[in-house]
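Spelled out, the chains give:
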Amino acid sequence: MTVDLDDILALATGHKPTVFERASAGRNTRWVQQQYARAKADGRDLVGDVDMHDPLSDDTGEIPGSPARRS
Amino acid sequence: MTAVEPSVTAAERRLAELDASFEDFCRNNIVAVERFLRSLCGDRELVQEAVQETFITARDKWEEISGYEKPLAWVYKTARYKLMNEQARQRREATAPLDEVPADRLVAPPADSREAQEWLLGCLRRLPERQAAVFALALEGWTDPEIARILGLADNTVRSYKAAVRRRLKRFAEEAGFDPSADDERAHAGSAQGR
């Protein structure tokens, strides 16, 4: 049996989250919320050196067909 | 006082709305962001760490980020940044090389979407990080200009990386022995060993 690359890519990108993956996403989301609450209570700096700038709203380039953006 | 109560209630309502919208966003996207990082790094623990740190930061700034046209673009960019930081930290602490992912090999074509995805992630991890990131984002449906902005690359670079990755993936598929063009090439070349 042979399959070409496009078939494999289509198969890979067509993957729908399984019940297990959906449950895992829910657990991870709750964990993130808990850790966030804990970090805030501890007064931890959560942003640090992270760039908060919206990467798609930069003023040096343009995205064809996109409306002007504000950050 | 009664004059204060309405504004407190509005603030609380706003916080609850932010919480709910972040929760939806997180639940709907955390798997895709994790998959993106897994295309760049084989260390699941490191990936998990970077994903969680990213979403915690996103939660902290959700009021601002949720106003972006595509908040997910910021999340991908930040997740990659967090992963690179984690990798650098591990490299400093490690005594042995990290993230040496063995070549992914299949004896048969992927039978389902899960296998195909795992094979693809394994292949992408064998490529230069930026090329893998470009291709992984393209597969998630981001346009070339968006990918360029998220990764800080020129549009032309995105296009050339995508083409380069396709060539490499084709070769990986041939090596795994399930790409029909490989049969043709082997037939013509006599022996494809050592390519």
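Cut-off values and rules
Residues numbered from 1 in each chain as written. Chains lettered and ligands numbered in written order. Predicted model: local features only at pLDDT ≥ 70, side-chain atom pairs only at ≥ 80, totals over all residues. Heavy atoms only, no water. Helix = DSSP H or I, 4+ residues; strand = E, 2+ residues; numbered from the N terminus. Buried < 20%, exposed > 50% of the residue type's maximum accessible area, 1.4 Å probe, protein only. Areas by Shrake-Rupley, 256 points an atom, 1.4 Å probe, with all protein chains shown as cover. Contact = heavy atoms within 4.5 Å. Buried area = accessible area lost by both parts, 1.4 Å probe. Salt bridge = Lys/Arg side-chain N within 4 Å of Asp/Glu carboxyl O. Polar contact = N/O pair within 3.5 Å; in protein donor to acceptor, adjacent residues only side chain to side chain. Nonpolar A, V, L, I, M, F, W, Y, C, P; charged D, E, K, R; others polar. Axes fitted to C-alpha atoms, helices over the stretch in contact; angles between N-to-C directions. Parallel < 35°, antiparallel > 145°, perpendicular 65-115°, else oblique. Left-handed = near helix turned anticlockwise from the far one by under 90°. Core = buried A, V, L, I, M, F, W, Y, C linked by side-chain atoms within 4.5 Å. Domains from an automatic or database assignment. pLDDT = per-residue confidence, 0-100.

- If you look chain B up in an unreviewed UniProt entry, it shows as HTH luxR-type domain-containing protein from Phytohabitans flavus.

## Digging into the overall build of chain A
Okay, step 1: Along its length, chain A carries two helices and zero strands.
Okay, step 2: Each of the 71 residues in chain A was classed as buried or not, and the buried ones make up 39%.
Okay, step 3: Counting every atom, chain A has about 4600 Å² of accessible surface; 51% of that belongs to carbon and sulfur.

## Examining the interface of chain A and chain B
Okay, step 1: In this complex, chain A contributes 40 residues to the contact, which on the side of chain B involves 51 residues.
Okay, step 2: Between chain A and chain B, roughly 4400 Å² of surface is buried when both sides are summed, and carbon and sulfur atoms account for 63% of that area.
Okay, step 3: Contact with chain B buries surface across chain A, with Leu5(A), Met52(A) and Leu56(A) losing the most and accounting together for 14% of the total.
Okay, step 4: Taken together, the connections running from chain A to chain B amount to five salt bridges.
Okay, step 5: In this structure, Lys40(A) and Asp60(B) form a salt bridge, with 3.1 Å as the shortest nitrogen-oxygen distance.
Okay, step 6: If you look at where chain A meets chain B, you find 15 residue pairs in polar contact (both at pLDDT 80 or more).
Okay, step 7: Breaking the side of chain A that touches chain B down by element, the ones donating at least two residues are α1 (5-13) and α2 (19-41) of chain A.
Okay, step 8: Among the elements that make up the side of chain A that touches chain B, the one with the highest residue count is α2(A) (11 residues).
Okay, step 9: Counted by class, the side of chain A that touches chain B contains 19 nonpolar, 10 polar and 11 charged residues.

## What to know about the packing of helix α6 (residues 129-139) of chain B against helix α7 (residues 144-151) of chain B
Two measures define how a pair of helices packs: the angle their axes make with one another and the distance between the axes.
Residue and element names in this part refer to chain B.
Okay, step 1: One can describe the packing of α6 onto α7 by two numbers: an axis separation of 10 Å at closest approach and a directional angle of 135°. Comparing their axes, α7 and α6 come out oblique. Considering only the axes of α6 and α7, their crossing is right-handed. Across the interface between the two elements, Arg130, Ala133, Val134, Leu137 and Ala138 of α6 pack against Ile147, Ile150 and Leu151 of α7.
Okay, step 2: Class assignment of the residues belonging to the contact of α6 with α7 gives a composition of seven nonpolar, no polar and one charged.

## Topic: the nonpolar core
Taken as a class, soluble globular proteins show a tendency for nonpolar side chains to be buried jointly.
All names here are of chain B.
Okay, step 1: In terms of nonpolar packing, the biggest core is built from 67 residues, with Leu37, Phe55, Tyr76, Trp119, Trp142 and Leu169 touching the most fellow members.
Okay, step 2: A total of nine residues in this core trace back to one element, the largest contributor, which is helix α1 (residues 5-38).
Okay, step 3: Domain assignment of the residues forming this core places at least three in each of domain 1 (1-100) and domain 2 (104-195).

## As for the pattern of salt bridges
Okay, step 1: Within the structure shown, the criterion is met by 17 salt bridges over all chains.
Okay, step 2: Here Arg114(B) makes a salt bridge to Glu21(A), at a shortest N to O gap of 2.3 Å. Linking Arg114(B) in helix α5 (residues 113-124) with Glu21(A) in helix α2, this pair reaches from one chain into another.
Okay, step 3: We classify Arg114(B) as partly exposed; its relative accessible area is 34%.
Okay, step 4: Put simply, Arg44(A) and Glu53(B) hold a salt bridge, and the shortest N to O gap is 2.9 Å.

## Notes on the confidence of the model for chain A
Okay, step 1: Considering every residue of chain A, the mean pLDDT works out to 80; 76% of them sit at 70 or more.
Okay, step 2: Contacts for the low-pLDDT stretch residues 61-71 of chain A, under 50 throughout, to residues beyond four places or in other chains number 13 contacts.

## Thoughts on the packing of helix α4 (residues 71-93) of chain B against α6(B)
Residues and elements named next belong to chain B.
Okay, step 1: The N-to-C vectors of α4 and α6 enclose an angle of 150°; their axes lie 13 Å apart at closest approach. The angle between α4 and α6 places the two elements in the roughly antiparallel class. Read as a crossing pair, α4 and α6 show a hand that is right-handed. Seen from α4, the contacting residues are Tyr76, Arg80 and Met84; seen from α6, they are Glu129, Arg130, Ala133 and Leu137.
Okay, step 2: Among the residues forming the contact of α4 with α6, the class breakdown is four nonpolar, no polar and three charged.

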